[in-house]
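Chain residues, written in single-letter form:
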Amino acid sequence: MKYSTQIKPISYLKAHAAEIARQLEEQREPMVITQNGEARFVLQDVVSFERTQEAMALLKILALGNRQIEEGKVIPAKDAITRLRVKKSLK
């Protein structure tokens, strides 16, 4: 993805909001909005945003799991399965 084609000044956003919304939804590529020549905002469609958030959540879970492994806060799978079966039978 080339961000260089997706950089627009804020004045363009103001004048072409509906067109930009359509483009973001169709292309699924973020757009960088500049103000006074500096990048200030990133616009993207909701579907892409939700996918990004889901990916970030999964990465956080993986990072947490890796940290727990490094800290030795793990138990063998066999023991975990046994605990789950005991809990299930108590219900």
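Counting from 1, residues in each chain are numbered in the order their sequence is written. A pLDDT threshold of at least 70 governs which residues receive local features in this predicted model, and a stricter bar of 80 or more applies before side-chain atom pairs are shown or counted, although totals over entire chains, interfaces and linings include all residues. Excluding hydrogens and water, the side-chain figures rest on all heavy atoms present in the structure.

Looking at the environment of R67
Here is step 1: Every helix listed is a DSSP run of H or I at least four residues long, and every strand listed is a run of E at least two residues long, numbered separately from the N terminus. Looking at the element boundaries, R67 is found in helix α3 (residues 46-70).
Here is step 2: Sequence separation between R67 and T82 is 15 residues, and the spatial gap between their C-alpha atoms is 24 Å.

Regarding the sheet that holds strand β2 (residues 31-35)
Here is step 1: What makes two strands pair is DSSP finding at least two bridges between them. A sheet is described by the order of its strands in space; here three strands give the open sequence β1-β2-β3, paired in mixed fashion. The strands lining the two open edges of the sheet, one partner per strand, are β1 (7-9) and β3 (38-43). Averaged over all pairs of adjacent strands, the angle between their axes in this sheet comes to 35 degrees, without regard to strand direction.
Here is step 2: Across three bridges, β1 lies against β2 in parallel orientation. When the sheet's bridge partners are listed, I7 is paired in β2 with V32. Helix axes use the C-alpha atoms of the stretch in contact, all axes being lines fitted to C-alpha atoms, and the angles between their N-to-C directions lie in the range 0 to 180 degrees.

Concerning helix α2 (residues 17-27)
Here is step 1: Residues of α2 that are buried include every one of I20, Q23 and L24, and no others. Within α2, the buried residues cover an arc of 100 degrees as seen down the axis, which keeps them to one side. Among the exposed residues of α2, those pointing more than 90 degrees away from its buried face are A18, E25 and E26.
Here is step 2: Looking at the buried side of α2, the elements it contacts are α1 (10-15), β2 and β3. Partly exposed describes any residue whose relative accessible area lies between the buried limit of under 20% and the exposed limit of over 50%, with all areas from a 1.4 Å probe on protein chains only and scaled to the type maximum. Directions pointing from the helix axis toward each C-beta atom define the arc. By definition in these notes, contact holds between two residues if any of their heavy atoms fall within 4.5 Å.

Quick notes on the packing of aromatic side chains
Here is step 1: Pairing of aromatic rings covers Phe, Tyr and Trp, the last counted by its six-membered ring, and requires centre-to-centre distances within 6.5 Å; plane angles under 30 degrees mean stacked, over 60 mean edge-to-face, and any other angle means tilted. The final tally for this structure, using the stated rule, is zero aromatic pairs.
Here is step 2: A ring is considered to have a charge above it if a Lys NZ or an Arg CZ atom is located within 6 Å of its centre and within 35 degrees of its normal. Above the plane of the ring of Y12 lies K8, whose end atom (NZ or CZ) is 5.1 Å from the centre.

Topic: the pattern of salt bridges
Here is step 1: Basic side-chain nitrogens of Lys or Arg form a salt bridge, by our definition, when they fall within 4 Å of a carboxyl oxygen of Asp or Glu. The tally for this structure, following the rule as stated, stands at two salt bridges.
Here is step 2: Here R28 ties to D45 by a salt bridge, and the two come within 2.6 Å at their closest N and O atoms. Residue R28 is located in the loop between α2 and β2, and its partner D45 is located in the loop between β3 and α3; the two are separated by 17 residues in the primary sequence.
Here is step 3: Looking at D45, the relative accessible area reads 8%, which means it is buried.
Here is step 4: With its nearest N and O atoms 3.1 Å apart, the salt bridge here joins K73 to E71.

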